[in-house]
Amino acid sequence: MSRGEAFCVACGAGPPHSGDRLCEGCFRERNTLSECDETSQAYRCPKCGMNFESGRWGYLESEDLLQRRLDDSLRIHDRGDAVGIATHHETIDERNIRIHVQVDGQIDAFHFEEQHEVIVRTSNMICTTCTRKDGNYYEATMQIRSAGRKLEENELEELRGSLDTLLASMEPDPMFFITKEGPVVGGWDVTMGSKSLARTWARHMIQRWGGQTKETHSVIGQKDGIEVTRLTVLYRRPGYDLGDVLRWRKRLWIVGAWLKDGPILLALNRHEKTGASWRDLEKAVVMSRFIEQVEVDILNRDASAAEFMNPQDYKMQTVRLPYDDDGTRLRLRLGWITDEWVALPRVRNPDEGHVPRGG
Ligand SMILES: [Zn+2]
Ligand SMILES: [Zn+2]
């Protein structure tokens with residue numbers, strides 16, 4: 001003592017000592033490097049297979065699930081250093097997996113090697129998504145219609161297909177499910193679990209096919225003092241597409257781009273563009289649909305006209321060049337308007353948003 005030699009605070013033994021001045025024997029009596037629960041509880045939805053972890057539902061690989069259960073069950077000493085953890089697991093049955101755990105590392109001057117076993121037990125719990133699907137739950141209805149006409153089968157298919165494309169590009173969300181869908185007079189209805197999905201889809205369709213939406217909310221009840229509402233989004237696709245030729249105010253125009261309030265129209269016969277509202281165009285007549293237009297090779301040309309082979313009867317024919325012809329074009333896009341082929345100016349203009357390919 002007089003020489004100031006360190007001693008164990010518990011039994012008086014000499015060094016080596018831990019940071020809190022215990023000899024090895026006393027330290028090991030009071031400390032372990034790790035502690036582990038004997039069992040760990042996991043939950044899985046028997047209907048869809050999602051796991052409930054960290055307070056939320058999601059799909060987990062079995063390895064990830066076991067790692068999370070282990071992280072939850074195993075605790076390492078605060079002063080543990082250079083800790084190594086090795087595991088392997090064995091399946092006991094459908095619901096039980098045993099994880100063997102080996103832990104080694106240092107606390108202060110002392111080396112530890114420990115072993116544990118934890119059984120991960122998986123119980124059934126129906127997830128929120130399946131509960132809601134079963135209860136016919138939905139938050140939003142999308143009504144797909146056209147302005148002023150019936151949607152054709154292929155249009156319905158591409159509109160509905162855009163929801164699948166959209167879902168594939170989004171972060172998965174348990175509320176992104178479809179409760180019910182099917183044809184109705186003049187269109188297609190889809191009920192779904194998420195209002196935000198309905199709104200995102202509506203924006204997506206507007207960007208691609210133009211048109212407008214109208215939202216209505218209905219109160220369906222109360223939950224914890226808060227009104228529970230449902231959203232109905234009515235989407236009206238215009239009766240025309242990008243690249244279509246329209247007759248409007250006695251002139252011919254090409255639909256060039258979609259803006260919020262209506263399309264941008266490009267004159268067919270000269271460099272001129274104008275905006276029109278959805279309402280303005282309710283009376284417009286589609287003279288040539290983009291999908292029915294054809295591309296032909298220019299076989300001969302002079303300053304104002306070009307020769308091409310008529311795709312209808314394979315005869316040589318002459319057509320007036322479009323106003324934007326620069327004398328070097330090898331191909332022309334033609335629309336059958338009233339009763340003749342008309343060469344169309346290019347409508348591609350990156351400043352004006354999305355326009356069809358080849359247009
Ligand atoms: Zn001691
Ligand atoms: Zn489920």
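Predicted model, so just to flag it, every value in this text is computed and none were measured.

The rules we used
Throughout this description, residue numbers start from 1 for each chain and increase along the sequence as written. The naming scheme follows written order: chains are lettered A onward, ligands numbered 1 onward. With pLDDT at 70 or above as the cut-off, local features in this predicted model cover only qualifying residues; side-chain atom pairs require 80 or more to be listed or tallied, and sums for whole chains, interfaces and linings still use all residues. Excluded from the side-chain calculation are hydrogens and water; included are all heavy atoms of the structure. Secondary structure elements follow DSSP: runs of H or I of four or more residues count as helices, runs of E of two or more count as strands, with numbering from the N terminus. The globule rule used here is 2.2 Å times the number of residues to the 0.38 power, and the radius of gyration it is set against is calculated over C-alpha atoms. Each residue is assigned to one of three classes by its accessible area relative to the maximum for its type, calculated with a 1.4 Å probe on protein chains only: buried under 20%, partly exposed between the two thresholds, exposed over 50%. Here, two residues are considered to be in contact whenever any of their heavy atoms come within 4.5 Å of each other. The Shrake-Rupley method, run with a 1.4 Å probe sphere, supplies the accessible areas, and residue values consider only the shown protein chains as cover. Residues grouped as a nonpolar core are buried Ala, Val, Leu, Ile, Met, Phe, Trp, Tyr and Cys residues, joined through side-chain atoms within 4.5 Å. Marked domain ranges trace back to an automatic or database domain assignment. At least two bridges found by DSSP between two strands are what make those strands a pair. Shown as donors are all N, O and S atoms within 2.8 Å of a metal ion, widened to 3.2 Å for Na, K and Ca; because water is not in the atom set, sites may appear incomplete. Square planar and octahedral assignments, for four and six donors respectively, both demand that opposite donors be over 155 degrees apart and that all other angles lie between 65 and 115; tetrahedral needs four donors with all angles between 85 and 135 degrees, and anything else is irregular. One less than the residue count of a helix, multiplied by 1.5 Å, gives the span that helix is expected to have. The arc in question is formed by the directions pointing from the helix axis toward the C-beta atoms. Whether two aromatic rings pair depends on their centres lying within 6.5 Å, for rings of Phe, Tyr and Trp, where Trp uses its six-membered ring; planes under 30 degrees apart make the pair stacked, over 60 edge-to-face, and the rest tilted.

Novice: Give a description of the overall build of the protein that names residues and reports values.
Specialist: When helices and strands are tallied, the protein shows 5 helices and 24 strands. Here the C-alpha atoms of the protein give a radius of gyration of 35 Å, more than 25% beyond the 21 Å that 2.2 N^0.38 yields for 359 residues. On the principal axes, the C-alpha backbone points of the protein span a range of 115 × 55 × 40 Å. Relative to its full complement of 359 residues, the protein shows a buried share of 39%. The long-range fraction of contacts in the protein, counting pairs at least 24 apart against all pairs at least 6 apart in sequence, stands at 54%. About 21100 Å² of surface is accessible on the protein, with carbon and sulfur atoms providing 48% of the total.

Novice: Describe the nonpolar core, with residues and values.
Specialist: Membership of the largest hydrophobic core comes to 21 residues, with the highest contact counts inside it found for Phe 27, Leu 74, Ile 99, Val 101, Phe 112 and Val 118. Broken down by secondary-structure element, the contributors of at least two residues to this core are helix 1 (24–30), helix 2 (62–73), strand 7 (96–107) and strand 8 (110–124). A per-element tally of this core places strand 7 first, with 5 residues. Each of domain 1 (1–30) and domain 2 (33–124) gives at least three residues to this core. If sequence neighbours within four positions are ignored, Val 101 has contacts with Leu 70, Leu 74, Ile 85, Ala 86, Thr 87, Glu 114, Gln 115, His 116 and Val 118. Core analysis: the next-biggest nonpolar cluster, separate from the first, contains 20 residues, Leu 159, Ala 198, Trp 201 and Met 205 among them.

Novice: An account of the pairing of strand 24 (residues 340–343) is needed here, citing residue identities and associated values.
Specialist: Bridge count between strand 23 (residues 331–337) and strand 24: 4 bridges; the pairing is antiparallel. Along strand 24, the bridge assignment pairs Trp 336 with Trp 341. The hairpin turn running from strand 23 into strand 24, its antiparallel successor, is 2 residues long, and Thr 338 in that turn takes a positive phi close to 60 degrees.

Novice: If you had to explain the coordination of the zinc ion (ligand 1) to someone new, which residues and values would you point to?
Specialist: Taken together, the protein donors to the zinc ion (ligand 1) comprise Cys 8 (SG), Cys 11 (SG), Cys 23 (SG) and Cys 26 (SG), at separations of 2.2 to 2.3 Å. Of note is the zinc ion (ligand 1), whose 4 donor atoms meet at the metal with angles of 104 to 115 degrees in an arrangement that counts as tetrahedral. The sequence motif formed by the donor residues of the zinc ion (ligand 1) is C-x2-C-x11-C-x2-C. Highlighted residues: Cys 11 in the segment before helix 1 and Cys 23 in the segment before helix 1, separated in sequence by 12 residues.

Novice: Give a description of the pairing of strand 6 (residues 80–93) that names residues and reports values.
Specialist: Successive side chains on a regular strand alternate, one facing one side of the sheet and the next facing the other. Bridge count for strand 6 against strand 7 is 11 bridges, and the pairing is antiparallel. By the bridge assignment for strand 7, Asp 81 is matched with Gln 106. Linking strand 6 to strand 7, which pair antiparallel, is a turn of 2 residues.

Novice: Break down the domain arrangement of the protein for me, citing the residues and quoting the values.
Specialist: What the domain assignment reports for the protein is domain 1 (1–30), domain 2 (33–124), domain 3 (136–237) and domain 4 (245–352). Measuring from the centre of the C-alpha atoms in domain 1 to the corresponding centre in domain 4 gives 94 Å.

Novice: Tell me about the coordination of the zinc ion (ligand 2), and name the residues and values.
Specialist: Those donors, Cys 45 (SG), Cys 48 (SG), Cys 127 (SG) and Cys 130 (SG), are the protein atoms that reach the zinc ion (ligand 2), and they lie 2.2 to 2.3 Å from it. Within one chain, the residues serving as donors to the zinc ion (ligand 2) are arranged as C-x2-C-x78-C-x2-C. For Cys 127, a relative accessible area of 0% translates into the label buried.

Novice: Which residues make up helix 2, and what are the values?
Specialist: In a regular helix each residue adds 1.5 Å, so 12 residues correspond to 16 Å; helix 2 covers 16 Å between its end C-alpha atoms and thus fits that length. Among all positions in helix 2, only Leu 65, Leu 66, Arg 69, Leu 70 and Ser 73 are buried. Buried residues in helix 2, looked at end-on, bunch into an arc of 135 degrees, giving them a common side. Across helix 2 from its buried face, at more than 90 degrees, point the exposed residues Glu 63 and Asp 71.

Novice: Which residues make up the packing of aromatic side chains, and what are the values?
Specialist: Tallied over the entire structure, the rule returns 7 aromatic pairs. For the ring pair Trp 336 and Trp 341, a centre distance of 5.1 Å and an interplane angle of 75 degrees mean the geometry is edge-to-face. Here Trp 336 falls in the partly exposed class, since its relative accessible area comes to 35%.

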